[in-house]
Amino acid sequence: MTTRTPLMAGNWKMNLDWKQGLALVEELGEQLKEVDTSLVETVVLPPFVDLRTVQVAVDAGKLPIAYGAQDLSAHESGAYTGEVSGSMLKALGCTYVAVGHSERRQYHGEDEQVTGAKVKAAFAAGLIPILCVGEPLEERQAGRHVEHTLAQLEGGIDGLNAEQAKQIVIAYEPVWAIGTGEVATPEDAQEVCSAIRGALRSLHGDEVADAVRVLYGGSVKSSNVAELMTKQDVDGALVGGASLKAEEFAKIVGYQG
Ligand code: PGA
């Protein structure tokens, strides 16, 4: 059980064009009428090209949904063809931005230096980064999952001041659990989420460690979220596949019943 406000974030990945994204966000708004949204923060992370549409829909419907992007450039502006800056996202009303998702690390070679720079770029633009960390299967099998994850955490938050560290969201996503249907056990999730909070405590002290929301991600569904959320250091979920259906994602947000 957490005393922090739980956060459920839907990572749409490279799914849904703007029309489909509009339909999903409007349907989610409808479904959330059945949920006490004062208890949980609801966030969606659509593709860049859907963000303007999501902004208009959320504003027009006064929907209880915050939103953000799945990535941002480490640079402020200039000759970086194909990239999108934090200030551009801020201008679209984004609150959050994911940084260092395992698919960015795996397919785009993003290492700790890149994720660290992107976390700083997010703060510089007034966005809250959701820093994703987590081990691949070999590291888990070798018993190095905590060590691996904490190295990614430390690289990602290096150089932050306490005020920034307090606001960051960390998502623990074991790579072997992402998109595989193989959810981590609540005990596995708790082990690493608590190690993350412990590392934050030694780096930044109690106030920061007690404030930061640590999410679990990897095959979260409405049928397994409540059990994960009973764990002391699990403050929410980063949800891929199950966030693409409004009814299912609303059930995840409403896990408290
Ligand atoms: P999944 O993805 O819920 O489809 O496993 C989680 C993620 O990659 O954030």
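Student: In this structure, what is going on with the sheet that holds strand 1 (residues 7-11)? I would like to understand it.
Tutor: One closed barrel holds the eight strands; their spatial order is 1-2-3-4-5-6-7-8, and the pairing between them is parallel. Direction aside, the axes of adjacent strands within the sheet are offset by 25° on average. Bridge count between strand 4 (residues 96-99) and strand 5 (residues 128-133): four bridges; the pairing is parallel. Across the sheet, residue Ala 98 finds its bridge partner in strand 5, namely Ile 130.

Student: Explain the nonpolar core to me, please; I cannot follow it from the model alone.
Tutor: In a soluble, globular protein the nonpolar side chains are often hidden away together inside. Membership of the largest hydrophobic core comes to 69 residues, with the highest contact counts inside it found for Met 8, Leu 89, Leu 131, Ile 168, Ile 170, Ile 196 and Tyr 216. Here this core takes seven residues from helix 9 (residues 186-204), the largest share from any one element. In terms of nonpolar packing, the next biggest core, distinct from the first, is built from 14 residues, Leu 45, Ile 130, Ala 171 and Leu 238 among them.

Student: Can you help me understand the pattern of salt bridges in this one?
Tutor: Between side chains of opposite charge, a pair can form as their charged atoms come close. Under the definition given, this model contains 18 salt bridges. Ionic pairing is found between Asp 233 and Arg 197, a salt bridge with its closest N-O pair at 2.5 Å. With Asp 233 in the loop between helix 11 (225-229) and strand 8 (236-239) and Arg 197 in helix 9, the pair connects residues that are 36 residues apart, well separated along the chain. Each member of the pair Asp 233 and Arg 197 is classed as buried. Taken together, the salt bridges that share partners define one network made up of Arg 4, Arg 197, Asp 233 and Asp 235.

Conventions we followed
Residues numbered from 1 in each chain as written. Predicted model: local features only at pLDDT ≥ 70, side-chain atom pairs only at ≥ 80, totals over all residues. Heavy atoms only, no water. Pairing = 2+ DSSP bridges. Helix = DSSP H or I, 4+ residues; strand = E, 2+ residues; numbered from the N terminus. Axes fitted to C-alpha atoms, helices over the stretch in contact; angles between N-to-C directions. Core = buried A, V, L, I, M, F, W, Y, C linked by side-chain atoms within 4.5 Å. Buried < 20%, exposed > 50% of the residue type's maximum accessible area, 1.4 Å probe, protein only. Salt bridge = Lys/Arg side-chain N within 4 Å of Asp/Glu carboxyl O.

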